[in-house]
Amino acid sequence: MKLFNKIAIKLCPALAILFGTIVVFTTLYLSNKISMVFMFFCLQVYLNWYSIYSICKKASTVKVKRSRKEYISNSQFVSIVGNNSSSCTKFWYCEKCMCYTGRPTQHCSCCERCFHFRDHHCFFIGVCILRQNMGNFILICLYTSLASFYSLSVLGPYLHEHLKHFVKPDSTYFNIILNFCFPVALVRQLMSKEDTCIILVTLFDTLVSIGCISLAFGIWKLYACLTGKQRYYLYEGRKQDLKEIFGNYGISNIIFPYNGLIGTRDIGGKSMLKEV
């Protein structure tokens, strides 16, 4: 089972990139033109993808240079009191990394390392989503849904034109929609041996799912950050504003992902997204 999980972790990002490439070329081929809007959506997806990957790979954790034997407590969480009796720093010991790190820290079994302020591991991107690249993750969800809906606007009329001989003149909207479902197209393909555009129908259904899930998940993550329900601030419940989520470049990150391509800090080093 562990071998299967490792293979799936490695294959998911490659399959996601391959599927995205197929969607781009199929959309451009069916539309018979290069849409600047669609190309902008696709470019934003891949730029934010790279930004998320780059930030995660460069993320560092604060490691405590002490051996485990120096601590009296054998528990996973220990406290070290400094010279000032009021100061108390908590450290977390990771048995897999075999080191102490500052809280809040989580170990990712997929990346095989610890991360500060970790939200979750995205299998389709291939790295962990952290506080530092959460803004890029929200943007990639938004632009993935927009690119999917644009492809659907091109693929939908094409399928309707080539499948209209299956639709009766007095058919309801429900019967028309059934022609765009994979099980119906597959049964017709096997029974009638007619061209039901089975591959394009599969692509259409997949894009509908990706577009809706990406939009809903992106909105949820933005809502979680604004209301203090993030997983990396689980016990604090700290709310974040848009500037802290997307960095000092703010709304301009929607046009170009400065956070990640240029760095997690702005030129003046005053970014709210600080490395930890």
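My aim in this report is to walk through the structure given alongside it, one point at a time.

Cut-offs used in this document
- Residues numbered from 1 in each chain as written.
- Predicted model: local features only at pLDDT ≥ 70, side-chain atom pairs only at ≥ 80, totals over all residues.
- Heavy atoms only, no water.
- Helix = DSSP H or I, 4+ residues; strand = E, 2+ residues; numbered from the N terminus.
- Buried < 20%, exposed > 50% of the residue type's maximum accessible area, 1.4 Å probe, protein only.
- Contact = heavy atoms within 4.5 Å.
- Areas by Shrake-Rupley, 256 points an atom, 1.4 Å probe, with all protein chains shown as cover.
- Axes fitted to C-alpha atoms, helices over the stretch in contact; angles between N-to-C directions.
- Parallel < 35°, antiparallel > 145°, perpendicular 65-115°, else oblique.
- Left-handed = near helix turned anticlockwise from the far one by under 90°.
- Nonpolar A, V, L, I, M, F, W, Y, C, P; charged D, E, K, R; others polar.
- Expected span 1.5 Å × (residues − 1).
- Phe/Tyr/Trp six-rings, centres within 6.5 Å; stacked < 30°, edge-to-face > 60°.
- Lys NZ or Arg CZ within 6 Å of the ring centre and 35° of its normal.
- Patch = residues over 30% accessible without salt bridge, like charges linked within 9 Å, V, L, I, M, F, W, Y side chains within 5 Å.
- Salt bridge = Lys/Arg side-chain N within 4 Å of Asp/Glu carboxyl O.
- Disulfide = S-S within 2.5 Å.

1. Brief notes about the overall build of the protein chain
Next, step 1: Check the secondary structure of the protein chain and you find eight helices and eight strands.
Next, step 2: Within the protein chain, the proportion of its 276 residues that are buried is 42%.
Next, step 3: The contacts of the protein chain with a sequence gap of at least 6 include a subset with a gap of at least 24, amounting to 56%.
Next, step 4: With an accessible surface of roughly 16,500 Å², the protein chain has 65% of that area assigned to carbon and sulfur atoms.

2. Some points on unusual backbone geometry
Next, step 1: Positioned with a positive phi, Glu112 is a non-glycine residue whose angle comes to about 60 degrees.
Next, step 2: For Glu112, the location among the structural elements is in the loop between β5 (105-108) and β6 (113-116).
Next, step 3: Assessed through its relative accessible area of 58%, Glu112 is described here as exposed.
Next, step 4: The backbone of Phe117 shows a phi angle near 50 degrees, a positive value even though the residue is not glycine.
Next, step 5: In this fold, Phe117 is placed in the loop between β6 and β7 (118-122).

3. Comments concerning the packing of helix α2 (residues 36-58) against helix α3 (residues 134-163)
Next, step 1: It is the contact of α2 with α3, at a shortest axis distance of 8 Å, that shows an interaxial angle of 150 degrees. For the element pair α2 / α3, the angle class is roughly antiparallel. You can see that α2 and α3 cross each other, and the crossing is left-handed. Residues Phe38, Phe40, Phe41, Gln44, Val45, Asn48, Trp49, Ser51, Ile52 and Ile55 of α2 touch α3, and the partners they reach there are Asn136, Phe137, Leu139, Ile140, Tyr143, Thr144, Leu146, Ala147, Tyr150 and Ser151.
Next, step 2: Considered class by class, the residues forming the contact of α2 with α3 number 14 nonpolar, six polar and no charged.

4. Some details on helix α6 (residues 198-227)
Next, step 1: Taking 1.5 Å of rise per residue, the 30 residues of α6 would be expected to cover 44 Å, and the 43 Å separating its terminal C-alpha atoms lies within 8% of that figure.
Next, step 2: Residues Leu200, Val201, Leu203, Phe204, Leu207, Gly211, Ser214, Gly218, Lys221, Ala224 and Cys225 constitute the buried set of α6.
Next, step 3: Among the residues trailing α6, Gly228 stands out with phi positive, at a value near 80 degrees.

5. Focus on α2
Next, step 1: Taking 1.5 Å of rise per residue, 23 residues should cover 33 Å, and α2 covers 32 Å from first to last C-alpha, within 8% of that figure.
Next, step 2: Among the residues of α2, Phe38, Phe41, Cys42, Gln44, Val45, Asn48, Trp49, Ser51, Ile52, Ser54, Ile55 and Cys56 are the ones counted as buried.
Next, step 3: Where the residues of α2 are buried, they touch α1 (2-31), β6, β8 (127-130), α3 and α8 (258-261).

6. A closer look at the packing of aromatic side chains
Aromatic ring pairs are described here by two measures, namely the spacing of the ring centres and the angle between the planes.
Next, step 1: For the coordinates displayed, the defined rule picks out nine aromatic pairs.
Next, step 2: With a centroid separation of 6.2 Å and an interplanar angle of 55 degrees, the aromatic rings of Phe40 and Phe41 are classed as tilted.
Next, step 3: Residue classification places Phe40 among the partly exposed positions, given a relative accessible area of 29%.
Next, step 4: Assessed through its relative accessible area of 14%, Phe41 is described here as buried.
Next, step 5: Here the aromatic residues Phe40, Phe41 and Tyr143 are joined through ring pairs into a cluster of three or more.
Next, step 6: Sitting above the plane of the Phe117 ring, Arg131 keeps its charged end 4.0 Å from the centroid.

7. Description of the side chain of Lys221
Next, step 1: Residue placement: Lys221 occurs in helix α6.
Next, step 2: What makes Lys221 buried here is its relative accessible area of 7%.
Next, step 3: Lys221 has contacts with Asp119, His120, Met134, Phe137 and Ile138, leaving out every residue within four places of it along the chain.

8. Quick look at a nonpolar patch on the surface
Next, step 1: A cluster of nonpolar residues, Leu3, Ile7, Leu11, Leu15, Leu18 and Ile22, forms a patch on the protein surface that exposes about 580 Å² of accessible area.
Next, step 2: Inspection of the secondary structure puts Leu11 in helix α1.

9. Considering the packing of α1 against α3
Next, step 1: As a packed pair, α1 and α3 sit with axes 10 Å apart at the nearest point and diverge in direction by 50 degrees. Between α1 and α3, the interaxial angle falls into the category oblique. Crossing geometry of α1 relative to α3 is assigned as left-handed. Along the contact surface, α1 presents Val23, Thr27, Leu30 and Ser31, while α3 presents Tyr150, Ser151, Val154, Leu155 and Tyr158.
Next, step 2: Looking at the contact of α1 with α3, its residues break down into six nonpolar, three polar and no charged.

10. Here we look at the state of the cysteines
Next, step 1: As enumerated under the stated definition, the model contains zero disulfides in all.
Next, step 2: Looking at the unpaired Cys110, the closest cysteine sulfur is the one in Cys108, lying at 4.6 Å.
Next, step 3: A relative accessible area of 23% means that Cys110 is categorised as partly exposed.

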